[in-house]
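Each chain is listed here by its residues.
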Amino acid sequence: MDVWLNGRFLPAAEATVSITDRGFLLGDGFFETMRAHEGKVAWLDAHMERLDFHAESIEFPTDLLPSPEDVAEIVQKLFEQVHRKDAVVRLTVSRGSGERGLLPPADPDPTILITVSPFDPVDPNVGFKLATSQKIRRNGNSVAGGIKSINYLDNIAAKQEANKYGAEDAIILSADGFVAETTVANIFGIKGDTLWTPDEETGILCGLARDFVLDWAEDKEIEVDTEPKTPDQLREFDALFTANALQGLRVVDRADGYVIGVPARTFFTELARTVETSLCDGIGL
């Protein structure tokens, strides 16, 4: 498979990063994961706006980032080798090489990598299991936690922990013990005609799919609740689901071993279908 690295298309085996690269040494960088459908990136403009936000958060010059038009062209070229309708796109930015120490160079020469890999969408109605992490907590004041930092150790540790519990992903709590998010997605619950999701103050990374769901709820005049919930309170929902810009929505059938609601009796199916349609047809949104 070919990749795009620093302005060049290369076979993956020939694409290399310097041993002095700050992303490799210090986790000094950020990324975006996107869905491509038939060669075009869904929600591209929104992803690129968020990439700018990541850059500004760590004082990285946004003028060094590729333009949305460049990304669209690169992805379309790389998509030719996928031979599927859907692919996962990852755009990774490292601040590049620098002198030894923590302070970054005043004029960075970044490492920018774009990869495209086959992706098989999962039926949102096929449930999966979550387990609450006992050792990882979100920090609302963390710079790394507020962006898609390439330092993913907290999420890796939580995912390992969930795997030991026989779950597919972890519920990560806020510093004060309330439900925040999973390692890769935002969390939502449905109770009657009300939609629930954790407040931004829990230290979550607010994803594009979360924004889409909240906009949809506003359009449908569905009440949204952001009151803090403990893991035990998740059992009270009629449906529990996750949302991210790659997978769309996925229903949770068990949390910490407890069966969660009956999603078919809620508006989940309609919402999931709307999100998937946008990921396939909402190019450029």
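Preceding block: the structure.
The present account deals with the structure reproduced in this document. A quick note: this is a predicted structure, and the numbers were derived from the prediction, not measured.

1. Describing the pairing of strand β7 (residues 128-138)
Here β7 pairs with strand β14 (residues 248-255) via three bridges, running parallel. Its bridge partner being in β14, K129 is matched across the sheet by R254. Inspection of the sheet shows β7 paired to strand β8 (residues 169-174) by five bridges, in the parallel sense. Across the sheet, residue L130 finds its bridge partner in β8, namely D169. In this region the chain leaves β7, passes through helix α4 (residues 153-164) and returns to the parallel neighbour β8; the handedness of that crossover is right-handed.

2. Some points on the packing of helix α2 (residues 44-57) against helix α3 (residues 68-79)
Direction vectors running N to C along α2 and α3 enclose 120°, while the axes themselves pass 10 Å from each other. Relative to α3, the element α2 is oriented oblique. Like other packed secondary-structure pairs, α2 and α3 cross with a definite hand, here right-handed. Across the interface between the two elements, L44, D45 and M48 of α2 pack against P68, V71 and A72 of α3. Residues belonging to the contact of α2 with α3 are distributed by class as follows: five nonpolar, no polar and one charged.

3. Considerations on the nonpolar core
Counting 26 residues, the largest nonpolar core has F30, V75, L91, I114 and V116 as the members making the most contacts within it. Mapped onto this core, the elements with two or more residues apiece are β3 (29-37), α2, α3, β5 (86-94) and β6 (111-118). Of all the elements, α3 adds the most residues to this core, at five residues. The residues touching V75, leaving out its near neighbours within four places in the chain, are A36, G39, V41, V89, I114 and V116. One finds A243, A245, F268 and V275 within the second-largest nonpolar core, a separate group that totals 23 residues.

What counts as what
Residues numbered from 1 in each chain as written. Predicted model: local features only at pLDDT ≥ 70, side-chain atom pairs only at ≥ 80, totals over all residues. Heavy atoms only, no water. Pairing = 2+ DSSP bridges. Helix = DSSP H or I, 4+ residues; strand = E, 2+ residues; numbered from the N terminus. Right-handed = clockwise from strand over helix to strand, strands pointing away. Axes fitted to C-alpha atoms, helices over the stretch in contact; angles between N-to-C directions. Parallel < 35°, antiparallel > 145°, perpendicular 65-115°, else oblique. Left-handed = near helix turned anticlockwise from the far one by under 90°. Contact = heavy atoms within 4.5 Å. Nonpolar A, V, L, I, M, F, W, Y, C, P; charged D, E, K, R; others polar. Core = buried A, V, L, I, M, F, W, Y, C linked by side-chain atoms within 4.5 Å. Buried < 20%, exposed > 50% of the residue type's maximum accessible area, 1.4 Å probe, protein only.

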